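# Chain and residue survey
Letter by letter, the chains look like this.
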Amino acid sequence: RSDFTTTDLFTSLGYSKSQASRKIKSTTGMSPNQLIQEFRLFNSVNRMLESNKTIAEIGYQSGFNSPTYFTRVFKKRFGVSPTTFSKNRA
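Residues numbered from 1 in each chain as written. Predicted model: local features only at pLDDT ≥ 70, side-chain atom pairs only at ≥ 80, totals over all residues. Heavy atoms only, no water.

What follows covers the pattern of salt bridges. Counted under the stated rule, the structure contains one salt bridge. In this structure, Glu38 engages Arg77 in a salt bridge whose closest nitrogen and oxygen atoms are separated by 2.8 Å. Residue Glu38 is found in helix 3 (residues 32-50), and its partner Arg77 is found in helix 5 (residues 67-78); the two are separated by 39 residues along the sequence. Given a relative accessible area of 18%, Glu38 falls into the buried group. (Salt bridge = Lys/Arg side-chain N within 4 Å of Asp/Glu carboxyl O. Helix = DSSP H or I, 4+ residues; strand = E, 2+ residues; numbered from the N terminus. Buried < 20%, exposed > 50% of the residue type's maximum accessible area, 1.4 Å probe, protein only.)

Structure, rendered in structure tokens:
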């Protein structure tokens with residue numbers, strides 16, 4: 001879901017914003033926003049491995065609002081563009 005926010009995360013965890021932020025940071029070493037982005041990125045990798053959809057479709061299905069932004073954060077995180085990753089998956 002592209003509309004899944006940190007507020008949704010805090011609510012689902014049952015903690016206040018400050019409690020959830022502290023627990024997430026101490027457990028994962030990431031901020032809540034980073035955790036959501038990391039989840040979306042790994043979700044996109046799984047989708048690439050399981051389907052033959054376009055990079056834009058996978059980006060949108062993984063919760064990114066823009067294929068350009070998806071490509072930028074994917075490349076920053078994994079060191080390779082999603083297109084290159086998808087071509088080399090076999």
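That was the structure; now back to the text.
Turning our eyes to something else, we now look at the environment of Thr84. Within the element layout of this structure, Thr84 appears in helix 6 (residues 82-87). Considering only alpha carbons, one finds Thr84 and Arg22, 62 residues apart in sequence, at a separation of 36 Å.

Running from N to C, helix 3 and helix 5 cross one another at 95 degrees; their axes reach a closest spacing of 11 Å. Regarding the angle of helix 3 to helix 5, the classification is roughly perpendicular. From helix 3, Gln37, Glu38, Leu41, Phe42, Ser44, Val45 and Met48 reach across to helix 5, where they touch Tyr69, Phe70, Val73, Phe74, Arg77 and Phe78. For the contact of helix 3 with helix 5, the residue count by class is nine nonpolar, two polar and two charged. (Axes fitted to C-alpha atoms, helices over the stretch in contact; angles between N-to-C directions. Parallel < 35°, antiparallel > 145°, perpendicular 65-115°, else oblique. Contact = heavy atoms within 4.5 Å. Nonpolar A, V, L, I, M, F, W, Y, C, P; charged D, E, K, R; others polar.)

Right, let's get into the environment of Tyr15. Its location among the elements puts Tyr15 in the loop between helix 1 (6-13) and helix 2 (17-28). Here Tyr15 falls in the partly exposed class, since its relative accessible area comes to 35%. Contact partners of Tyr15, with chain neighbours within four places excluded, come to Phe10, Ala20 and Lys23.

What follows concerns the confidence of the model for the protein chain. Put simply, the protein chain has an average pLDDT of 88, and 96% of its residues get 70 or more. For the protein chain, per-element mean pLDDT is lowest for helix 1, which scores 83, and highest for helix 5, which scores 94. (pLDDT = per-residue confidence, 0-100.)

Our next topic: helix 1. For helix 1, the full list of buried residues reads Thr6, Leu9 and Phe10. All buried residues of helix 1 fall inside an arc of 95 degrees around its axis, so they share one side. Across helix 1 from its buried face, at more than 90 degrees, point the exposed residues Thr7, Thr11 and Ser12. Buried residues belonging to helix 1 abut helix 2 and helix 3. Two residues or fewer after helix 1 comes Gly14, characterised by a positive phi angle close to 80 degrees. (Arc of directions from axis to C-beta.)

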